[in-house]
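Coordinate inspection notes
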Amino acid sequence: MDDRHLLIALEKYFGYTTFRPLQREIIKDALAGKDTFVLMPTGGGKSLCFQLPSLVSEGVTVVISPLIALMKDQVDAMTSSGIQATFINSSLSQDQISERLKDAREGRYKLLYCAPERLASTRFLSTLSSLDITLFAIDEAHCISQWGHDFREDYRKLQILRNSFPGVPLMALTATATPKVAEDILVQLRIPQAKKYQASFDRPNLTYLVRRKSDAFEDLLDFLRPRKGESGIVYCLSRKSTEAVAEKLRARGFKAVAYHAGLDNAVRAKHQELFIREEVDIVCATIAFGMGIDKSNVRFVVHYDLPKNLEGYYQETGRAGRDGLPSDCLLLYAPSDKVRMQRLIELSEDDIRVEQNKDDLELVCRFAEARTCRKKMVLEYFGEAYSLPNCGKCDICLGTSPKEELIDVTVAAQKFLSTIIRTSQKFGAKYIVSILRGKEDERVLHNRHHQLSTFGIGKDIKEKDWTHLAAELEREGYILRDRNDFNSLKLTRKGNEALVGRQNILLATAPKTRKSESEEEVHSAIQDLPARNAELFERLRILRKLIADERELPPYVIFHDSVLKQMAALLPLTSTALLQLSGVGEKKAEDLGPRFTGAIREFVNDHPDITPVGITRSTPAPTKSTSDTALASVKLFQRGVSLYEIAKERGLTQTTVANHLEEGIKNGEITDIARLVPPHLIDRIRNAFAATGSVFLKPVLNHLNDVTITYDHLKFVRAYDDRTSN
Ligand code: ADP
Ligand code: ZN
């Protein structure tokens, strides 16, 4: 199978243009019939490894997962991306199960999720043997090992898979396995020859912070204030403190609930639901919370008390930032916590556990008290070498750097800082750099920032170096990016002092973090949003919530946060433009496109000074093309069939066909628009667009005031000109 097919499916269904590390290799192995073992951190992109293979082949992938509560969400997410999927578990009635098995036999699904205990049912097994199975994916594979921390008896049933289905490859996936557990998984599944893939356990988008507690609740508030409205988890040691903290947060205006094993089942389920559906922002929880949730936009995880061990700390913090956007993990620590924990441990009767727990505690405290890189310590605990001298993502690395590498950047830094102040701290780094470099771009001129005294005073420094300086200033705490104000830069107290003070500013060189290229682009595109687009982001979030409620889905299943941020930054006005965003596949563009682009249009109408920018994904996209149904119309058109005839032949309205052809023009598949718009009108229409300065049709049509010109004519010309001006 050549890679192109994989890329086409990746883009069509998921809206991504590049694979994350290892995904391509794993998928190719599975398609070649090989068994695989995949060890990847949470958020690393495991699901895609088993979701994609069946999309490019005939059969169905059977996914075995112990997390029954998650199956529905996962299936909903697949369905909303246009992938036929279903699940079978004990939450269904016999009738429902029979129905789904029947559909499976008819080849209706690409993905079939099921719980391990299903394999005890002979009826289920016989159905399986009548299916064309591409792959068995065993999620949370560590559950099969007694050495793991989450052994489940039912998982032992998976031992039969290899013998019962000798021709079907197995893929075992987990985010947590020591070498001993990993080995055991292969033995238990009877796949000793499986190809092993292990991704780095580094989560580059997570920042680890440890703060000495003085007044724990006040410290928590300091952390939460700039993060109001974002989703997060606050882990507490006791049930009582989860409730107390939630209560106090509510009193301070935060939307918070408690979650612990002592709550009534119904209450617990409700609180979890409120969090997932984004009715509340914060869950104050014991570690019982998190296993069964898949919320991708958890922006922070706080440990209000010490975690039990480093593995737990990694798992719990790992629930932040699954969508790859920057997220923070804060551990609040006081030496007195250690004493308190020790006492608790000693209360236990089990001597061996006591010793183990004490060792674990010791290690956690060493972690909290260390003056070395947190990332390095965590990764080395998992046996992974970390070689960067400065991770740039922990309080230690952010706060300290070796003296000898420092350089004096006082003058440049002051220019930068003062430009931030002169533009009222409302803009991102890129814009500030434009001013310093004297770029007379539209926004700068519009805001009259070419009249600033700092305009053009930084021409001697390259754009790249300015950007680097900005990142350094942020790392060193002179400025911060206000996440609630679309990453506009603000001076911190330290920054203000530096601006007026006599102290020199010394900076070190920054390390780079890893990400796939196109993700990097997406991130840089959304780093630097005009502050006012924060308003649009909020509107889009509200719209997402509305649609999520209508469809009874969690909001992140509709679109990830990263997609909404791209929308707010890039203002796509058509479904086709929406498709260009990373994370938007065809089904979603078609299904949700009109509502989101509608909201964006409305926003653009309310702010006539904002110009939507053209967007192109830089990766050559053989894959990005007209949707299937549109393509059918385009093909007919190319063969000389007229719009009217296509509509008749396909039983579609002319408007629909016109939309298809508009797409075809945008994608360059149709170049001869003279067949669609009378040639003598083309220039008149162009002039009208120019005269009204509008990207919308109505004002242009009014301006033309000619009954022979239709909306479709305008659309075709606009699409053609968009295409050729790119
Ligand atoms: P895991 O199962 O390993 O915890 P997921 O499969 O949930 O991770 O993936 C985490 C996030 O990464 C999801 O939002 C997913 O859409 C995204 N993702 C996966 N593969 C890619 C890719 N190739 N490019 C961009 N994003 C990706
Ligand atoms: Zn570090």
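Since we're looking at a predicted model, the values are computed, not measured. (Residues numbered from 1 in each chain as written. Chains lettered and ligands numbered in written order. Predicted model: local features only at pLDDT ≥ 70, side-chain atom pairs only at ≥ 80, totals over all residues. Heavy atoms only, no water.)

Here the focus is the overall build of the protein. Summing up its helical and strand segments, the protein has 33 helices and 17 strands in all. Taken over C-alpha atoms, the radius of gyration comes to 28 Å for the protein, in line with the 27 Å a tight globule of 726 residues would show. Principal-axis analysis of the C-alpha atoms places the extent of the protein at approximately 90 × 80 × 45 Å. The buried share of the protein, reckoned over its 726 residues, is 54%. Looking at the protein alone, contacts between residues at least 24 apart form 72% of all its contacts between residues at least 6 apart. If you sum the accessible surface of the protein, you get close to 32,600 Å²; carbon and sulfur atoms cover 51% of it. Separation between the mean location of the 102 positive side-chain charges and that of the 98 negative ones in the protein comes to 1 Å. (Helix = DSSP H or I, 4+ residues; strand = E, 2+ residues; numbered from the N terminus. Rg over C-alpha atoms; globule rule 2.2 N^0.38 Å. Buried < 20%, exposed > 50% of the residue type's maximum accessible area, 1.4 Å probe, protein only. Contact = heavy atoms within 4.5 Å. Areas by Shrake-Rupley, 256 points an atom, 1.4 Å probe, with all protein chains shown as cover. Lys, Arg positive; Asp, Glu negative; His and termini not counted. Charge placed at Lys NZ, Arg CZ, Asp CG, Glu CD.)

As a packed pair, helix H31 (residues 679-692) and helix H32 (residues 697-704) sit with axes 9 Å apart at the nearest point and diverge in direction by 115 degrees. Crossing of H31 against H32: the hand is right-handed. Of H32, the residues touching H31 (which contributes Arg684, Ile685, Ala688, Phe689, Ala691 and Thr692) are Leu697, Pro699, Val700, His703 and Leu704. Looking at side-chain class alone, the contact of H31 with H32 contains eight nonpolar, two polar and one charged residues. (Axes fitted to C-alpha atoms, helices over the stretch in contact; angles between N-to-C directions. Left-handed = near helix turned anticlockwise from the far one by under 90°. Nonpolar A, V, L, I, M, F, W, Y, C, P; charged D, E, K, R; others polar.)

If you walk across this open sheet you meet the seven strands as E3-E4-E2-E5-E6-E1-E7, and the pairing is parallel. Every other strand in the sheet has two partners, leaving strand E3 (85-88) and strand E7 (195-198) as the edge strands with one partner each. Going across the sheet, the axis of each strand differs from the next one's by a mean of 20 degrees, ignoring polarity. Bridge count between E3 and strand E4 (residues 111-114): four bridges; the pairing is parallel. Counted as the bridge partner of Phe87 is Tyr113 from E4. (Pairing = 2+ DSSP bridges.)

Buried residues dominate strand E12 (residues 298-303), accounting for six of its six residues. As paired strands, strand E9 (residues 231-235) and E12 are joined by five bridges and run parallel to one another. In the sheet register, Tyr235 faces E12, and the bridge partner there is His303. Sheet topology places E12 next to strand E13 (residues 327-333); four bridges connect them, and they run parallel. Across the sheet, the residue bridging to Val302 is Leu330, located in E13. Handedness of the E12-helix H12 (residues 310-317)-E13 crossover: right-handed. (Right-handed = clockwise from strand over helix to strand, strands pointing away.)

The next subject is the coordination of the zinc ion (ligand 2). Bound to the zinc ion (ligand 2) are the protein donor atoms Cys373 (SG), Cys391 (SG), Cys394 (SG) and Cys397 (SG), situated 2.3 to 2.4 Å from the metal. Its four donor atoms give the zinc ion (ligand 2) angles of 105 to 120 degrees at the centre, a pattern that matches the tetrahedral case. Mapped onto the sequence, the donors of the zinc ion (ligand 2) take the spacing C-x17-C-x2-C-x2-C. Within this pair, whereas Cys373 is found in the loop between helix H14 (351-369) and helix H15 (374-381), its partner Cys394 is found in the loop between H15 and helix H16 (395-399), the two being separated by 21 residues in sequence. (Donors = N, O, S within 2.8 Å, 3.2 Å for Na, K, Ca; no water. Tetrahedral: all angles 85-135°; square planar, octahedral: opposite > 155°, others 65-115°.)

Here we come to the sheet that holds strand E8 (residues 206-212). Read from one edge of the open sheet, six strands run E8-E13-E12-E9-E11-E10, paired in parallel fashion. Each edge of the sheet is formed by a strand with only one pairing partner; in this case those strands are E8 and strand E10 (256-259). Taking each pair of neighbouring strands and ignoring which way they run, the sheet shows an average axis angle of 20 degrees. Here helix H11 (residues 265-276) sits on the sheet and contacts E9, E10, strand E11 (282-285) and E12; the angle it forms with E10, its principal contact strand, is near 140 degrees. Relative to E12, H12 is tilted by about 150 degrees, and along the sheet it contacts E8, E9, E12 and E13.

Our focus in this paragraph is the packing of helix H13 (residues 335-346) against H14. Remark: H13 packs on H14, axes separated minimally by 10 Å, with the N-to-C direction vectors making an angle of 170 degrees. On the basis of their axis angle, the class for H13 and H14 is roughly antiparallel. As for the relative orientation of H13 and H14, their crossing is right-handed in sense. Listed contacts from H14 to Lys338, Met341, Gln342, Ile345 and Glu346 of H13 are Val354, Asn357, Lys358, Leu361, Glu362 and Cys365. Across the contact of H13 with H14, the residue classes break down as five nonpolar, two polar and four charged. (Parallel < 35°, antiparallel > 145°, perpendicular 65-115°, else oblique.)

When cut into domains, the protein gives domain 1 (3-198), domain 2 (206-383), domain 3 (406-508), domain 4 (528-606) and domain 5 (628-724). Of note, the centres of domain 2 and domain 3, computed from C-alpha atoms alone, are 35 Å apart. (Domains from an automatic or database assignment.)

Counting 146 residues, the largest nonpolar core has Ile64, Leu128, Phe136, Met567 and Phe596 as its most contacted members. In this structure Phe596 touches Leu540, Leu543, Arg544, Ile547, Ile558, Phe559, Leu564 and Met567, once residues within four positions along its chain are discounted. Residues Leu643, Ala658, Ile682 and Leu714 belong to the second largest nonpolar core, which totals 28 residues. (Core = buried A, V, L, I, M, F, W, Y, C linked by side-chain atoms within 4.5 Å.)

With that out of the way, let us pick up helix H6 (residues 122-129). Regarding H6, the residues found buried are Phe124, Thr127 and Leu128. Projection of H6 onto a plane perpendicular to its axis shows the buried side chains occupying an angular sector of 100 degrees, all on one side. For H6, the exposed residues lying more than 90 degrees away from the buried face are Thr122 and Ser129. On its buried face, H6 is in contact with strand E2 (60-64), E3, helix H5 (94-105), E4 and strand E5 (133-138). (Arc of directions from axis to C-beta.)

What follows covers the site of ligand 1. Taken together, 15 residues sit near ligand 1, with Tyr16, Gly43, Lys46, Ser47 and Arg322 positioned nearest. Contact with the protein chains hides 88% of the accessible area of ligand 1, taken as 570 Å² for the molecule alone. Looking at the shell around ligand 1, its residues break down into three nonpolar, eight polar and four charged. (Near = heavy atom within 4 Å.)

A cluster of like negative charges, contributed by Glu349, Asp350, Asp351, Glu355 and Asp359, occupies part of the molecular surface. Relative to the assigned elements, Glu355 resides in helix H14. (Patch = residues over 30% accessible without salt bridge, like charges linked within 9 Å, V, L, I, M, F, W, Y side chains within 5 Å. Salt bridge = Lys/Arg side-chain N within 4 Å of Asp/Glu carboxyl O.)

Our focus in this paragraph is the confidence of the model for the protein. Of the residues in the protein, 92% reach a pLDDT of 70 or more, and the chain-wide mean stands at 86. In the model, residues 400-404 has pLDDT below 50 throughout and makes five contacts with residues more than four positions away in sequence or in other chains. Scored below 50 in pLDDT, residues 613-624 makes 28 contacts in the model with residues more than four places away or belonging to other chains. (pLDDT = per-residue confidence, 0-100.)

Here the focus is the packing of aromatic side chains. On inspection of all chains with the given rule, the structure shows 13 aromatic pairs. When the ring of Phe416 is compared with that of Trp466, the centres are 6.1 Å apart and the planes differ by 25 degrees; the resulting orientation is stacked. Of this pair, Phe416 sits in helix H17 (residues 410-422) while Trp466 sits in helix H20 (residues 463-475), placing them 50 residues apart in sequence. Here Trp466 falls in the buried class, since its relative accessible area comes to 0%. Put simply, the rings of Phe201, Tyr314, Tyr381 and Phe382 pair up and form one aromatic cluster. The aromatic ring of Phe223 is capped on one face by Arg227, whose charged end is 3.9 Å from the ring centroid. In this structure, Lys494 packs its charged tip against the face of Tyr478, placed 4.7 Å from the ring centre. (Phe/Tyr/Trp six-rings, centres within 6.5 Å; stacked < 30°, edge-to-face > 60°. Lys NZ or Arg CZ within 6 Å of the ring centre and 35° of its normal.)

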